[in-house]
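Chain and residue survey
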Amino acid sequence: GSSDSVEENDKTSSSNGSDGNSGASGTDGSSAKKEVAVGAKFTDTASYGIYKVTSKKNGSGTVEYVKPVNSKVTKADIPSTITYAGITYKVTAVGEKAFLNCSKLKTITIGKNVTSIGKRAFYGCKNLIKLRIPNGVTSVGTSAFESCSNLIDVVISNTVVSINQFAFASCSNLADIVIPNTV
């Protein structure tokens, strides 16, 4: 099996779990995994992401995508939900600096439960070419896609109401961007 890790208050503990086969389904919820508290981080081996618990109640909760396990990732799928230690979490945010300078990242899929994209989340992802911000996202943080110099085509859903400053600064090849009238 592979290893899942949990970080709480600068301590790291590991337990073995089994891999899921699909990035969208998350891990298998094996009872061998330690339950995590709000604010704690854990690694989901199926989506190759590190997540931070933002809320938890009655066997469900929400998490923020913190960063990929490997910064040399070429493709990232941020799932709608993940399951860890028997709890299903909605992935509701892409965190600040999540993919900062992941210069090899070419494609990104953002799950339907994501409502916010943090500051500098994709800053410096110079090989990202196309971007679809899905329905559900309401805010795009400052410099979120700054210096994505090969970004050519961007479509922003009509649920977005806030695009902060410099969100697409230094995107020198940006040829087509569709911004809804909700912004």
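As the structure is a prediction and not an experimental result, all values here were calculated from the model. (Residues numbered from 1 in each chain as written. Predicted model: local features only at pLDDT ≥ 70, side-chain atom pairs only at ≥ 80, totals over all residues. Heavy atoms only, no water.)

We now examine the overall build of the chain. Each helix and strand in the chain was counted, giving zero helices and 15 strands. Considering the chain as a whole, with its 183 residues, one finds that 44% of them fall into the buried category. A sequence separation of at least 24 residues applies to 38% of the contacts in the chain between residues at least 6 apart. When the accessible surface of the chain is totalled, it reaches about 8,900 Å², and 46% of it is carbon and sulfur. (Helix = DSSP H or I, 4+ residues; strand = E, 2+ residues; numbered from the N terminus. Buried < 20%, exposed > 50% of the residue type's maximum accessible area, 1.4 Å probe, protein only. Contact = heavy atoms within 4.5 Å. Areas by Shrake-Rupley, 256 points an atom, 1.4 Å probe, with all protein chains shown as cover.)

So, on to the packing of aromatic side chains. Throughout the structure, instances matching the rule amount to eight aromatic pairs. For the pair Tyr 51 and Tyr 65, a centre-to-centre distance of 5.3 Å together with 90° between the ring planes defines the contact as edge-to-face. Highlighted residues: Tyr 51 in strand β4 (residues 49–57) and Tyr 65 in strand β5 (residues 60–68), separated in sequence by 14 residues. The same class applies to Tyr 51 and to Tyr 65, which are both buried. A centroid spacing of 5.0 Å and a plane angle of 5° characterise the contact between Phe 99 and Phe 122, whose relative ring orientation is stacked. On the criterion of sequence distance, the pair formed by Phe 99 in the loop between β8 (87–94) and β9 (107–110) and Phe 122 in the loop between β10 (116–117) and β11 (130–133) is long-range, its members being 23 residues apart. An aromatic cluster of at least three residues, connected via ring pairs, comprises Phe 42, Tyr 51, Tyr 65, Tyr 84, Tyr 89, Phe 99, Phe 122, Phe 145 and Phe 168. (Phe/Tyr/Trp six-rings, centres within 6.5 Å; stacked < 30°, edge-to-face > 60°.)

Here three strands make up an open sheet; going across it, the order is β11-β13-β15 and the pairing parallel. Each having just a single partner strand, β11 and β15 (176–178) make up the two edges of the open sheet. Strand-to-strand, the axes of this sheet are offset by a mean angle of 0°, without reference to chain direction. As paired elements, β11 and strand β13 (residues 153–156) share four bridges and run parallel to each other. Residue pairing in the sheet places Ile 133 in a bridge with Ile 156 of β13. (Pairing = 2+ DSSP bridges. Axes fitted to C-alpha atoms, helices over the stretch in contact; angles between N-to-C directions.)

What follows deals with the confidence of the model for the chain. For the chain, per-residue confidence averages 84 on the pLDDT scale, and residues scoring 70 or more make up 82% of the total. Looking at the elements of the chain, mean pLDDT is at its lowest for strand β2 (residues 11–17), recorded as 30, and at its highest for β10, recorded as 98. The low-confidence segment residues 1–31, where pLDDT is below 50, has 72 contacts with residues more than four positions distant or belonging to other chains. (pLDDT = per-residue confidence, 0-100.)

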